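Examining the three-dimensional arrangement
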Amino acid sequence: LILIGKAVLEITVEFLNLRHLSPRLPSEFEGFFDPEKYKKSQVYLRENTRLGLIEELIFTPLTIVFILLGGFNLIDHFARGFNLALIPTGLIFAGALLTVFFLLQLPFSVYRTFVIEERYGFNRTTPRTFIIDLVKSILLAVILGGGVFALVLWFFQKTGSFAWLYCWLAVEVFQLFLLFIAPVTILPLFNKFIPLEEGELREAIEAYAAGQTFRLQGIYKMDGSRRSSKSNAFFTGF
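All figures in this text were calculated on a predicted structure; none of them were measured in a lab. (Residues numbered from 1 in each chain as written. Predicted model: local features only at pLDDT ≥ 70, side-chain atom pairs only at ≥ 80, totals over all residues. Heavy atoms only, no water.)

Looking now at the overall build of the protein. Looking only at helices and strands, one finds seven helices and two strands in the protein. Reading the protein from its N end, one meets helices and strands in the order α-α-α-α-α-α-β-α-β. The C-alpha radius of gyration of the protein comes to 23 Å, more than 25% above the 18 Å expected for a compact globule of 238 residues. Dimensions of the protein, computed from the C-alpha atoms along their principal axes, are close to 65 × 45 × 35 Å. (Helix = DSSP H or I, 4+ residues; strand = E, 2+ residues; numbered from the N terminus. Rg over C-alpha atoms; globule rule 2.2 N^0.38 Å.)

See below:
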């Protein structure tokens, strides 16, 4: 019921968004935004929204059928069939579930990148880059996600009725640690970062940050244009 309610709510919201999309430039933007670019952006948004709706309409019924037909039980029997200890069995169970989800989601990711993004001139991702990114993401999920899940299973095995509390604390500590190491160890696995050179742009960013009492430890350029022609700017850290 919760899954169906969530799907109905999300589909309703997206349908309402689609109904209110208009290719006509709002009067507030006249003179500031190109009407043809605005029209193109609305068509692009419509196509992405429709793909999201298709995903929802496929994944929600599949998930419900998987639950009702005992899919979790089948994977549990598969994991236990190796006759390993609790933690390796749990890791196999989680890994099998994530593999199924990954394989179902992959066609949508490919279509979004190489069809929709390509059609609107945004895509610069080559098949090679796409595959390398996938491999890196899978390895990170196995190493980091597997490590955290193994810790969670260990707490449930060793700490009894307070396991949920220890698990929550451990995951919170891990998330803070990840926030700290991500800019220097994880993000560089996917993009190159070089310090922004001295000049007008750097001075403007530093002046704005100082005016907002926002502490900066570094300003960098990244090679995001290897994957997309979209503009991108972000900050990360504590």
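Here we take up the side chain of Arg227. Checked against the element boundaries, Arg227 lands in the segment after β2 (220–222). Residues contacting Arg227, with those up to four places away along its chain left out, are Phe122, Asn123, Arg124, Thr125, Thr129, Asp133, Phe190 and Asn191. (Contact = heavy atoms within 4.5 Å.)

Direction vectors running N to C along helix α4 (residues 86–119) and helix α5 (residues 127–158) enclose 150 degrees, while the axes themselves pass 10 Å from each other. Classified by the angle between their axes, α4 and α5 sit roughly antiparallel to one another. Classified by chirality, the crossing of α5 by α4 is right-handed. Residues Leu86, Ile87, Gly90, Leu91, Ala94, Phe102, Leu106, Ser109, Val110, Thr113 and Phe114 of α4 lie in contact with α5, whose contacting residues are Pro127, Phe130, Leu134, Ile138, Gly146, Phe149, Ala150, Leu153, Trp154 and Gln157. Across the contact of α4 with α5, the residue classes break down as 16 nonpolar, five polar and no charged. (Axes fitted to C-alpha atoms, helices over the stretch in contact; angles between N-to-C directions. Parallel < 35°, antiparallel > 145°, perpendicular 65-115°, else oblique. Left-handed = near helix turned anticlockwise from the far one by under 90°. Nonpolar A, V, L, I, M, F, W, Y, C, P; charged D, E, K, R; others polar.)

Quick look at the nonpolar core now. Counting residues in hydrophobic clusters, the biggest one holds six residues: Tyr44, Leu51, Phe59, Phe108, Ile116 and Tyr120. Secondary structure elements with two or more residues in this core: α2 (35–68) and α4. Broken down by element, the residue count for this core peaks at three residues, all from α2. Ignoring any residue separated from it by four or fewer positions in sequence, one finds Tyr44 in contact with Ile116, Glu117, Tyr120, Phe122 and Lys230. (Core = buried A, V, L, I, M, F, W, Y, C linked by side-chain atoms within 4.5 Å. Buried < 20%, exposed > 50% of the residue type's maximum accessible area, 1.4 Å probe, protein only.)

Together, Ile131, Val135, Ile138, Leu139, Val142 and Ile143 give the surface a local cluster of nonpolar side chains, amounting to about 560 Å² of exposed area. Along the chain, Leu139 turns up in helix α5. (Patch = residues over 30% accessible without salt bridge, like charges linked within 9 Å, V, L, I, M, F, W, Y side chains within 5 Å. Areas by Shrake-Rupley, 256 points an atom, 1.4 Å probe, with all protein chains shown as cover. Salt bridge = Lys/Arg side-chain N within 4 Å of Asp/Glu carboxyl O.)

Our focus in this paragraph is the environment of Ile186. Of note, Ile186 is situated in helix α6 (residues 163–186). When the C-alpha positions of Ile186 and Lys136 are compared, they lie 9.8 Å apart, and in sequence the two are 50 residues distant. The contact partners of Ile186, leaving out residues within four places of it in the chain, are Leu140, Leu144, Leu178 and Ile181.

Rolled over the atoms, a probe as big as a water molecule pinpoints where empty space is left. The volume enclosed by the largest pocket comes to roughly 1,500 Å³. As for the largest pocket, its lining consists of 35 residues, and the residues nearest its centre are Gly218, Tyr220, Phe234, Phe235 and Thr236. The set of elements that each furnish at least two residues to the lining of the largest pocket consists of α6, α7 (200–211) and β2. Residues that form the lining of the largest pocket fall into these classes: 20 nonpolar, eleven polar and four charged. (1 Å grid on protein atoms, 1.4 Å probe; cavity = no way out; pocket = protein on both sides within 12 Å on 5 of 7 lines; lining within 4 Å. Points joined across faces, edges and corners; volume = space filled by probe spheres on them.)

The next point concerns the packing of aromatic side chains. The way to describe two aromatic rings as a pair is by their centre distance and the angle between their planes. In the structure shown here, the tally under the stated rule is twelve aromatic pairs. Arranged with centres 5.0 Å apart and planes meeting at 75 degrees, the rings of Phe66 and Phe72 form a pair that is edge-to-face. Looking at Phe66, the relative accessible area reads 27%, which means it is partly exposed. Under the relative-accessibility criterion, Phe72 is labelled partly exposed at 36%. (Phe/Tyr/Trp six-rings, centres within 6.5 Å; stacked < 30°, edge-to-face > 60°.)

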